[in-house]
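Chain by chain, the residues:
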Amino acid sequence: MTDQPTTPRVSDTTRPLVEVAGLAKAFGEHEVLRSVDFEVPAGSVTVVIGPSGSGKTTLLRSLNALDVADAGVVRIGDVEVDFGARPVTKRQVADLRAGSGMVFQAHNLFPHLTVLQNVTSGPVLVQGRDRSTAEREGRELLSLVGLAEKADAYPYQLSGGQQQRVGIARALAIRPELMLFDEPTSALDPELVGEVLSVMKDLAAQGWTMVVVTHEIRFAQQVADQVLFMDGGVVVERGTPQEVLTRPATERARQFLHRILDPLD
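The structure presented is a predicted model; accordingly, all values stated were derived computationally and were not measured. All residue numbers refer to position in the chain's written sequence, counted from 1. Reporting of local features is limited, given that this is a predicted model, to residues whose pLDDT is at least 70; pairs of side-chain atoms are given and counted only at 80 or more, and all residues count toward the totals for whole chains, interfaces and linings. Heavy atoms throughout the structure, all of them, feed into the side-chain values; hydrogens and water do not.

Participant: Give a detailed account of the overall build of the chain, specifying residues and quantitative values.
Facilitator: When helices and strands are tallied, the chain shows 9 helices and 10 strands. Relative to its length of 265 residues, the chain is compact, with a C-alpha radius of gyration of 18 Å against a globular reference of 18 Å. For the chain, the spread of C-alpha atoms along the three principal axes comes to 55 × 45 × 35 Å. Here's how the labels work: a residue is buried when its accessible area is under 20% of the maximum for its type, exposed when over 50%, partly exposed in between, all with a 1.4 Å probe on protein chains only. Across the 265 residues in the chain, those meeting the buried criterion constitute 52%. When checking whether two residues touch, look at their non-hydrogen atoms; a contact exists if any pair is within 4.5 Å. Counting contacts in the chain only where the partners sit at least 6 residues apart, residues at least 24 apart contribute 66% of the total. Of the roughly 11,900 Å² of accessible surface on the chain, a fraction of 49% belongs to carbon and sulfur atoms. Taking the average location of the 26 positive side-chain charges in the chain and that of its 34 negative ones, the two points are 3 Å from each other. Elements are defined by DSSP. Helices are runs of H or I of four residues or more, strands are runs of E of two residues or more, and each kind is numbered from the N terminus. Each radius of gyration reported is based on C-alpha atoms, and the globular scaling rule is 2.2 Å times the count of residues to the power 0.38. Method for areas: the Shrake-Rupley scheme with a 1.4 Å probe, in which residue coverage is limited to the protein chains shown. A positive count includes Lys and Arg, and a negative count includes Asp and Glu. His and the chain ends are not counted in either. The location of each charge is read from NZ of Lys, CZ of Arg, CG of Asp or CD of Glu.

Participant: Let's hear about the packing of aromatic side chains: which residues, and what values?
Facilitator: Pairing of aromatic rings covers Phe, Tyr and the six-membered ring of Trp, with a centre-to-centre limit of 6.5 Å; geometry is then stacked below 30 degrees between planes, edge-to-face above 60, and tilted otherwise. One pass over the full model with this rule turns up 2 aromatic pairs. Note on Tyr 154 and Tyr 156: the rings are 6.5 Å apart at their centroids and 20° apart in plane angle, and the pair reads as stacked. When the ring of Phe 229 is compared with that of Phe 256, the centres are 5.5 Å apart and the planes differ by 45°; the resulting orientation is tilted. Of the two residues, Phe 229 sits in strand β9 (residues 226-231) while Phe 256 sits in helix α9 (residues 251-261), which places them 27 residues apart along the sequence.

Participant: Quick rundown of the sheet that holds strand β8 (residues 209-213)? Include the residues and the values.
Facilitator: Two strands are counted as paired when DSSP detects at least two bridges linking them. On the basis of which strands lie adjacent, the open sheet formed by 6 strands has the order β6-β7-β8-β3-β9-β10 and mixed pairing. A single partner strand is all that each edge strand has here, and the edge strands are β6 (100-103) and β10 (234-239). Between one strand axis and the next, the sheet turns by 20° as a mean value, whatever way the strands run. The pairing of strand β3 (residues 45-49) with β8 spans 4 bridges and is parallel. The residue bridging Thr 46 from the neighbouring strand is Val 211, located in β8. Along the sheet, helix α6 (residues 190-205) contacts β3, β7 (178-182) and β8; its crossing angle with β8, the most-contacted strand, is approximately 145°. Simply put, an axis is a line fit to the C-alpha atoms, just over the touching stretch for a helix, and the angle between two N-to-C directions goes from 0 to 180 degrees. Lying on the sheet, α9 is in contact with β3, β9 and β10; it crosses β9 at an angle near 100°.

Participant: Break down the nonpolar core for me, citing the residues and quoting the values.
Facilitator: Nine residue types can take part in a nonpolar core, namely buried Ala, Val, Leu, Ile, Met, Phe, Trp, Tyr and Cys, and a core is a set of them joined through side-chain atoms within 4.5 Å. Grouped together as the largest cluster of nonpolar side chains are 47 residues, with contacts concentrated most on Ile 49, Ile 168, Met 179, Phe 181, Met 200 and Met 210. For this core, the leading source of residues is α6, giving 8 residues. When residues no more than four places from it in sequence are discounted, the contact partners of Met 200 are Ile 168, Phe 181, Pro 184, Met 210, Val 212 and Phe 219. Within the second largest apolar cluster, 29 residues are counted, among which are Leu 59, Phe 83, Met 102 and Val 211.

Participant: Before we move on, can you summarise the pairing of strand β4 (residues 71-76) with the specific residues and values?
Facilitator: Sheet analysis places strand β1 (residues 18-27) next to β4, joined by 5 bridges and oriented antiparallel. Each residue of the ladder has a partner; that of Glu 19, found in β4, is Arg 75. Pairing of β4 with strand β5 (residues 79-82) involves 4 bridges; the strand directions are antiparallel. Residue pairing for β5: Arg 75 is matched across the bridge by Glu 80.

Participant: Tell me about the pattern of salt bridges, residues and numbers included.
Facilitator: In the sections that follow, a salt bridge refers to a side-chain nitrogen of Lys or Arg positioned within 4 Å of a carboxyl oxygen of Asp or Glu. Scanning all chains against the criterion turns up 12 salt bridges. Across the pair Arg 75 and Glu 19 runs a salt bridge whose closest N-O atoms are separated by 2.8 Å. With a gap of 56 residues between them, Arg 75 in strand β4 and Glu 19 in strand β1 connect regions that are remote in the sequence. When its relative accessible area of 3% is taken as the criterion, Arg 75 is described as buried. Between Arg 129 and Glu 137 there is a salt bridge, and its shortest N-O distance comes to 2.5 Å. Here the salt bridges do not stand alone but share partners, grouping Lys 25, Asp 70 and Arg 86 into one network.

Participant: I'd like to hear about the pairing of strand β2 (residues 30-40), residue by residue, with values.
Facilitator: Direction of pairing for β1 relative to β2: antiparallel, over a ladder of 7 bridges. Bridge assignment links Leu 23 to a residue of β2, and that residue is Val 36. Counting the residues between successive antiparallel strands, the hairpin from β1 to β2 contains 2 residues, one of them, Gly 28, with a positive phi of roughly 65°.

Participant: How would you summarise the sheet that holds β5 if you had to cite specific residues and measurements?
Facilitator: Whether parallel or antiparallel, the strands of a sheet pair through hydrogen bonds between backbone atoms. As summarised here, the arrangement of the 4 strands in space is β2-β1-β4-β5, forming an open sheet in which the pairing is antiparallel. What marks the edges here is a single partner per strand, and that holds for β2 and β5. Put simply, the sheet's adjacent strands are angled 15° from each other on average, direction ignored. Strands β1, β2 and β4 of the sheet are contacted by helix α1 (residues 56-63), whose axis makes an angle of about 60° with β2.

In structure tokens, the structure reads:
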């Protein structure tokens, strides 16, 4: 497979790209994740839903080692880390982190850098890639997210939706195997949500492997291959969007979806 930034990179298509087994994380005495298991096939979209405090964001951050789990195994592509085998080294964390690109709730762009400089900072400063190549690829990615004309603008000159699309381009720029999205539209004004979801739908259509934490149920219905419903630090339900979103098996999932879809009832 070509190593172009606009093309998904997959190490091995004969097994799931992501495998998570027994993942656990506590903050003090509060158990946020309790033995979470799931797989993500290459080229698929997994959407994680659930109430606030259910462990969704911690799960996502654990995949990227932004939160170092207390126990369990995470494998992304060819990199596997057993968090129960202490100590977890900085090299293991770096290798795991290199396999995924993270898009956060807030845009987190560097305000003193141009849009293009924001996109190329990771490839150049972290990965040590040639600046001219990184800039060429960065412009390709900005075109991919519909912002080719904004390469020389600064973040303050962009709308919230445009800044989030730059964040997506920046995550893609490191050539990840997996894209992680942590409620990427939650901080946006309602009229800007659609432009970000449109880019994410395009990435899914192009075959990017994605794990998305979101409350955008319609997006999950349209794009997800797999939906995980979390509550209390565990995966309560998993299945296709039709199964989990239309015919949830548990009362807890039914209650949650009713409140999301019919908030005034």
